[in-house]
Protein chains: 2
Amino acid sequence: MQAPVQSSSVIKSSLIEPDGGVVVDLVVPESERGAKTAEAESMPKVKLTKIDVEWVHVISEGWASPLKGFMREDEYLQSLHFNSLRLKDGSIVNMSLPIVLAIDDETKEGIGSSSDVGLVGPDGDLIAILRSIQIYKHNKEERIARTWGTTAPGLPYVEEVITPAGNWLIGGDLEVLKPIKYNDGLDHYRLSPKQLRKEFDKRQADAVFAFQLRNPVHNGHALLMNDTRRRLLEMGYKNPILLLHPLGGFVKADDVPLDVRMEQHSKVLEDGVLDPATTIVAIFPSPMHYAGPTEVQWHAKARINAGANFYIVGRDPAGMGHPTEKRDLYDPDHGKKVLSMAPGLEKLNILPFRVAAYDTVAKKMAFFDPSRAKDFLFISGTKMRTYARTGENPPDGFMCPGGWEVLVKYYESLQAEDATQQPAVVSS
Amino acid sequence: MQAPVQSSSVIKSSLIEPDGGVVVDLVVPESERGAKTAEAESMPKVKLTKIDVEWVHVISEGWASPLKGFMREDEYLQSLHFNSLRLKDGSIVNMSLPIVLAIDDETKEGIGSSSDVGLVGPDGDLIAILRSIQIYKHNKEERIARTWGTTAPGLPYVEEVITPAGNWLIGGDLEVLKPIKYNDGLDHYRLSPKQLRKEFDKRQADAVFAFQLRNPVHNGHALLMNDTRRRLLEMGYKNPILLLHPLGGFVKADDVPLDVRMEQHSKVLEDGVLDPATTIVAIFPSPMHYAGPTEVQWHAKARINAGANFYIVGRDPAGMGHPTEKRDLYDPDHGKKVLSMAPGLEKLNILPFRVAAYDTVAKKMAFFDPSRAKDFLFISGTKMRTYARTGENPPDGFMCPGGWEVLVKYYESLQAEDATQQPAVVSS
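As the structure is a prediction and not an experimental result, all values here were calculated from the model.

Regarding its fold elements, chain A presents 14 helices and 15 strands. Taken against the 2.2 N^0.38 rule, which gives 22 Å for 428 residues, the C-alpha radius of gyration of chain A at 23 Å falls within 12% of a compact globule. With respect to the three principal axes, the spread of C-alpha positions in chain A is 70 × 70 × 45 Å. The buried share of chain A, taken over its 428 residues, is 58%. Across chain A, the fraction of contacts at a sequence separation of at least 24, relative to all contacts at a separation of at least 6, is 74%. By element, 52% of the accessible surface of chain A is carried by carbon and sulfur atoms, the whole surface being about 17600 Å². With 49 positive and 57 negative side-chain charges, chain A shows a spacing of 4 Å between the two charge centroids.

All names here are of chain A. Per-chain confidence: chain A averages 92 in pLDDT, with 94% of residues scoring 70 or above. Contacts for the low-pLDDT stretch residues 1-13, under 50 throughout, to residues beyond four places or in other chains number 32 contacts. With pLDDT under 50 throughout, residues 423-428 is counted as low confidence; its partners more than four residues away or in other chains account for zero contacts. For this predicted complex, the interface score ipTM comes out at 0.93, alongside a pTM of 0.93.

All names here are of chain B. Remark: helix α11 (residues 292-305) packs on helix α12 (residues 334-341), axes separated minimally by 8 Å, with the N-to-C direction vectors making an angle of 55 degrees. One element, α11, and the other, α12, form an angle in the oblique class. Between α11 and α12 lies a crossing of right-handed hand. Here α11 contributes Pro-293, Val-296, Gln-297 and Ala-300 to the contact with α12, which in turn contributes His-334, Gly-335, Val-338 and Leu-339. Tallied by class, the residues present in the contact of α11 with α12 amount to five nonpolar, three polar and no charged.

The sites that carry the UniProt feature "domain: Sulphate adenylyltransferase catalytic" (unreviewed entry) are, in the present numbering, residues 188-410 of chain A. The span residues 188-410 of chain A shows a helical share of 37% and a strand share of 16%, and its end C-alpha atoms are spaced 22 Å apart.

Looking at the element boundaries, Thr-294 of chain A is found in helix α11 (residues 292-305). Only 3.3 Å separates the side chain of Thr-294 of chain A from the backbone oxygen of Thr-147 of chain A, close enough to count as a polar contact. Discounting residues that sit within four places of it in the chain, Thr-294 of chain A has contacts with Asn-83, Ser-96, Leu-97 and Thr-147 of chain A together with His-81 and Arg-146 of chain B.

To continue, consider the relation of the copies chain A and chain B. Once chain A has been moved 0.0 Å along the axis and rotated by 180 degrees, it coincides with chain B to within an RMSD of 0.1 Å. Considering both components of the superposition, the chain copies are consistent with a two-fold axis. Of the residues that chain A buries at the interface, 100% are likewise interface residues in chain B, meaning the two copies contact each other through the same surface.

Next up on the list: helix α13 (residues 381-390) of chain A. Residue and element names in this part refer to chain A. Those residues of α13 that fall on the buried side of the exposure criterion are Met-384, Tyr-387 and Ala-388. Seen from one end, α13 has its buried residues packed into an arc of 95 degrees, which puts them on one side. Structural note: α13 exposes Thr-382 and Thr-390 on the side pointing more than 90 degrees away from its buried face.

Our focus in this paragraph is the pattern of salt bridges. Per the stated rule, a full pass over the model turns up 59 salt bridges over all chains. For Lys-252 of chain A, the salt bridge identified is with Asp-254 of chain A, shortest N-O distance 3.1 Å. Overall, Asp-254 of chain A belongs to the partly exposed group, its relative accessible area being 42%. Among the ionic pairs, Glu-175 of chain B bridges to Lys-36 of chain B, the shortest N-O distance being 3.0 Å. Of this pair, Glu-175 of chain B sits in strand β7 (residues 168-176) while Lys-36 of chain B sits in helix α2 (residues 30-41), placing them 139 residues apart in sequence.

The subject of this paragraph is the side chain of His-265 of chain B. Counting through the fold element by element, His-265 of chain B comes out in helix α10 (residues 258-270). If near-sequence neighbours (up to four positions away) are discounted, His-265 of chain B is found in contact with Leu-213, Asn-215, Pro-216, Val-217, Leu-244 and Pro-246 of chain B.

This part takes up the interface of chain A and chain B. Across the boundary between the two partners, chain A contributes 61 residues, which contact 61 residues of chain B. Carbon and sulfur atoms supply 49% of the area buried between chain A and chain B, which totals about 5300 Å² over both sides. Joining chain A to chain B, the criterion identifies six salt bridges. Of the charged contacts in the structure, one is a salt bridge between Arg-327 of chain B and Glu-141 of chain A, with a shortest N-O distance of 3.2 Å.

Residues and elements named next belong to chain B. With parallel pairing, the five strands of this open sheet are ordered in space as β10-β9-β8-β11-β12. Only two strands of the sheet have a single neighbouring strand rather than two, namely β10 (279-281) and β12 (349-352). Each adjacent strand pair in this sheet contributes to an overall mean axis angle of 25 degrees, direction not counted. Sitting on the sheet, helix α9 (residues 219-235) touches β8 (207-213), β9 (240-246), β11 (310-313) and β12, and the angle it makes with β8 is about 165 degrees. Sitting on the sheet, α11 touches β8, β9 and β11, and the angle it makes with β11 is about 155 degrees.

Before going further, it helps to examine α11 of chain A. Residue and element names in this part refer to chain A. Its 14 residues place the ends of α11 20 Å apart at the C-alpha level, agreeing with the 20 Å of an ideal helix rising 1.5 Å per residue. Burial within α11 is extensive, with 13 of its 14 residues counted as buried. Phi turns positive one or two residues past the end of α11, at Gly-307, with a value near 105 degrees.

Thresholds applied
Residues numbered from 1 in each chain as written. Chains lettered and ligands numbered in written order. Predicted model: local features only at pLDDT ≥ 70, side-chain atom pairs only at ≥ 80, totals over all residues. Heavy atoms only, no water. Helix = DSSP H or I, 4+ residues; strand = E, 2+ residues; numbered from the N terminus. Rg over C-alpha atoms; globule rule 2.2 N^0.38 Å. Buried < 20%, exposed > 50% of the residue type's maximum accessible area, 1.4 Å probe, protein only. Contact = heavy atoms within 4.5 Å. Areas by Shrake-Rupley, 256 points an atom, 1.4 Å probe, with all protein chains shown as cover. Lys, Arg positive; Asp, Glu negative; His and termini not counted. Charge placed at Lys NZ, Arg CZ, Asp CG, Glu CD. pLDDT = per-residue confidence, 0-100. Axes fitted to C-alpha atoms, helices over the stretch in contact; angles between N-to-C directions. Parallel < 35°, antiparallel > 145°, perpendicular 65-115°, else oblique. Left-handed = near helix turned anticlockwise from the far one by under 90°. Nonpolar A, V, L, I, M, F, W, Y, C, P; charged D, E, K, R; others polar. UniProt positions renumbered as here; feature names shortened; annotations may be inferred. Polar contact = N/O pair within 3.5 Å; in protein donor to acceptor, adjacent residues only side chain to side chain. Least-squares fit on C-alpha atoms with pLDDT ≥ 70 in both. Arc of directions from axis to C-beta. Salt bridge = Lys/Arg side-chain N within 4 Å of Asp/Glu carboxyl O. Buried area = accessible area lost by both parts, 1.4 Å probe. Pairing = 2+ DSSP bridges. Expected span 1.5 Å × (residues − 1).

Dropping the structure here:
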């Protein structure tokens, strides 16, 4: 047969350009800021939520590179159906979460036929321009079903972000007028991929292993991170550096807040549980989806963009309990399986780990040994909270004392808050 | 940094082998049939439903090649998350639908630690062996959400196949003891990919364009197929052959049954609406999912395996109405968009078409012209049924008279059936 002479050329030509390994930086140079701001003033405006701004932050620093803005429909569909994007040169990059901006009917009408819009933060500040926009339908049911594998009510990101959002999505190329800052005393932890790569170079890292977390660090985590370093040294690396990379964007209400976690992480390093000389602590600015196997790909991909080449993955990454059934939402093994087979992540070195738990015989955190399961104690977030509330200490060796103190203080403040709120609830 | 030295090798080694372009044929040679059947008799048995047998048929002939049996978990997860499989050589093949076999707790228990099982048809005949099996959880909610993008009740394949199925999936390599036959007078239409490729060669086709359908052929379809041929000739192909390829497996209750459709298609060729010299009519043995953009990839991929290199795609392929809302389940444009970007289908030539409708001015089926929308009449299946029921003819030029007669006869038989069933319903 002859070679094919026709193709679906219209659609293929809309594919995005590869980034050539350069970290995308979509913040406009200071010299252009004034002119661009003035230009943005004259455009139709789109009002952002707090979480939209977190995504602007993520995109602007290149965590989602080669994505250069909020997804247009072709990118959205590829993300939803294939968890990856095909680029103009035919290469594949991983892109498992739709990174999209929703608008309502009124905003869409206000935009009319404009090709560019100004993005306005929750406080009314113009923060960015979205250029060469495309507006398309926001089918929430399909987005939720394909991203989470369920449409059960009670998914935190859905309830907080998607359900209240408009019925349209707006994609386009992003230009951020100035770096996103939160002024919460933690901005110095928010290193961009470019800054992180510089830091890895400065420390002369020959391997960078990333650990994503959204919980306090206990000694089980530390065991895992220290054991990874040991394995990397055994493999012949001379200076493996740990990127301890707590997620800093939206988390569900019962997760420990970022400021408390950062304080707790500091104590873990101060107490010497992790070695400050070979550890970089920084904040990953992404919001959390709790989308298990779909989200763990995003978590790994973003860290590759920041220069990591090893990624630690444990049991049920980015998972949570099923919102309406008494079971894990995801099979706890699916995260690492899906990650290991994910398109665009073929070169990532995945370090799967057995789960760590408190070994009541050895009186320390250890890798779970199923042959003597009864000796192990799993200490969940709920259990930690109970310890703190009742003033009981967790078993020795579960967490360094400095770190535990931070949590006790936090949980006590919650109880105090509950107590003050109690009468109000009763009287209403 | 050094080259990575470790990888998720355990999981990657389970990837399947590429087929090297050879059509898979999993039917055991006649000489081995006796011995294999005797061997299968001694194995634990898995009872198949009618639709399971359709999948055995599909897999055994190589429509799903390089898949060599029902999916194991790695293939299932890749299909669900990426709509594609990565093979051992690193290449990607499209695989958008999970092709899986469900078993219940009792069957799982009966299998115990056996590595091979015998597959038994609904009539009790041993029809195949599944070797080196793997049993894993059948999370129905996740499967449905990720395949259909909804979990709304009323999806035909879900109600017919998934809901009543067991909570386990069993994957393995398939050996079919003898070719699957239906003895419904239509088996001569069921050409395997191997037989089709031979037929294309015999006819000296230099291009094969496939048309997937599950409805009667009206003159709008014919317009589209004839126009495709014209375009292919214009492109320089000398002998483009049309594969008119009605789906022969499970369809929803209100679709026209296969025997009626085949009779109608015959009339369309007899009446000269399509040219028998350049058309091959054959049955595609797959069951229908009605999964829109996810399923259209399967429909295209299977036809590539049978030797087609052009695929015609229209509005809302493999779509249906939303089961609980008054709208199409899928955006009518998403099918062709997703297909055009699908991993593993990069080389497929997709021929998107404007929708055809009845032009009341020209008094024939024509490509819809939005500038004079009011001149066009869309004739749906429901509308056809109403015409047939009321004895009214559709407008001249909608369908060839011979084809229409077949449908009138069918719809009249439905009415007669309704009439005889009426009293029974009333008295019950």
